[in-house]
Structures are given as structure tokens and as C-alpha cells.
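Topology and contacts: notes
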Amino acid sequence: MSKLLRAPVVSEEDTVIYVPSPRVDLHELGALRLALSDRAPHLAREAITEWLTAEHPAREIVTLAASELVTNAVRYSDVSSIGDDADAITLELSQAPNYLRLAVTDPGSVCTTPTNIPPQTANLYSEHGRGLAIVERLSRGRWGSHQKPPKGLRLVWCHLDRQPTPGQLEELFSAPV
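Analysis parameters
Every chain is numbered on its own, with residues counted from 1 as its sequence reads. Local features in this predicted model are restricted to residues of pLDDT 70 or higher, and side-chain atom pairs are both shown and tallied only at a pLDDT of 80 or more, whereas totals for entire chains, interfaces and linings draw on every residue. The side-chain figures draw on all heavy atoms in the structure; neither hydrogens nor water molecules are used. Lines are fitted to the C-alpha atoms to define the axes, a helix being fitted only along its stretch in contact, and any angle between axes, read from their N-to-C directions, falls within 0 to 180 degrees. Going along the chain from the N terminus, every DSSP run of H or I of four or more residues is numbered as a helix, and every run of E of two or more is numbered as a strand. The contact rule is simple, with two residues in contact once any of their heavy atoms fall within 4.5 Å. When residues are sorted by character, Ala, Val, Leu, Ile, Met, Phe, Trp, Tyr, Cys and Pro go into the nonpolar class, Asp, Glu, Lys and Arg into the charged class, and all the rest, Gly among them, into the polar class. Each residue is assigned to one of three classes by its accessible area relative to the maximum for its type, calculated with a 1.4 Å probe on protein chains only: buried under 20%, partly exposed between the two thresholds, exposed over 50%. When a carboxyl oxygen of Asp or Glu lies within 4 Å of a side-chain nitrogen of Lys or Arg, that pair is called a salt bridge.

Running from N to C, helix H2 (residues 59-76) and helix H4 (residues 166-173) cross one another at 30°; their axes reach a closest spacing of 11 Å. Across from Glu60, Ile61 and Leu64 in H2, the residues of H4 making contact are Leu169, Leu172 and Phe173. When grouped by side-chain class, the residues that make up the contact of H2 with H4 number 5 nonpolar, no polar and 1 charged.

Here you go:
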């Protein structure tokens, strides 16, 4: 798999933080439109469990990443937007030969113009602010965000290992020393 570009890229159509590797054929596993509410993360976790089943080796990783991305969408979306997508989140899960692509689209916010958000330093006493750091780790740096014209919707995506090994799972879920 090719390395992701880390430099900001700006085009007339999209403002992008990270550019994904070249497009490959993706097979959609599921898509769900969620109301912008506190129940959205729970419903996203249920959808992932249904789409991947309990036996899928990546289910825990995908469920956690979906929960973090949908929680951020609920917390940071600006519901004063106008249009059909002003109060909705779209969760999509697709499969490529070697990875799963998780994408969350939300109404965006006044600060939707993407900027590089560095993962935060672990703090045992902090209750918030680690969601993107978790997504960064679960995706091994394969994630990004862009603004979708013309409405300015925000799309945040990540690529997750389709067949993680038990060793990779142990490493992902181990507590930092």
C-alpha cells in the first residue's frame, strides 16, 4: 500500500488534510443515516456489529473508530447549517482487498476548514480530547478529513486493517507504559 501524503493539499473542489492512497474498487458493507443526537454513537456501534458480525477480526477496531468519529460529529457539528443534511450524520463502511474504509459525513461547523490536528498527549485525568488520537492509532495513521462542496459538509475517513493479527490487536489495545 502506498504511503499517505502528510502535507496539506488544497484544490478548488476540496480542502484536504491527508490524501488517501489511489482509489481502488470498494465494496460497500453498509451505510446508515443517523440523526445528530446523543444516541448516534450507540446506533453506529450497533450498525458496525451488524455489518461485520461478532466473528470478524476487525470488528472491535472498526466499532471503536466509528464510535469516536460519530461522537466527534455529534459534538462538533454546527446544526445551524441550512439544507437536507443539516441535522444528519452518514456512516459508511466499505471493504477493499486489504483494508476497511470507514467514513463519517456530518454538517460541518464554522471550523470545518481542515487543519492538521496532532494527537494529544495521554493524560490519565482527561475525560475528552483523545478521539482523533485513538483513530490515528487504530488506523496506523491512515485517516483524514475534507470539506465536501458545495454545502461544506465535513467527511472524516479512516482505513483500518481488514484482517488484523492477534499481535496487532494486542498492540492496539495495550495500555501505554
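Moving on, we come to helix H3 (residues 131-138). For H3, the complete set of buried residues consists of Gly131, Leu132, Ala133, Val135 and Leu138. Contacts from the buried residues of H3 go to H2, strand S6 (143-148), strand S7 (153-161) and H4. Looking one or two residues beyond H3, the residue adopting positive phi is Arg140, at roughly 55°.

Attention now moves to the pattern of salt bridges. Opposite charge on two side chains allows them to pair when their charged atoms are near. Going through the model one piece at a time under the given rule, you end up with 3 salt bridges. As a salt-bridge pair, Arg140 and Asp161 come within 2.6 Å of each other at their nearest N and O atoms. Separated by 21 residues along the polypeptide, Arg140 in the loop between H3 and S6 and Asp161 in strand S7 bring together distant segments of the chain. One salt bridge in this structure joins Asp161 and Arg142, with 2.9 Å as the shortest N-O distance. Taken as a pair, Asp161 in strand S7 and Arg142 in the loop between H3 and S6 lie far apart in primary sequence, 19 residues in all. Taking relative accessible area as the criterion, Arg142 reaches 10% and is therefore assigned buried. Residues joined in a network through salt bridges with shared partners are Arg140, Arg142 and Asp161.

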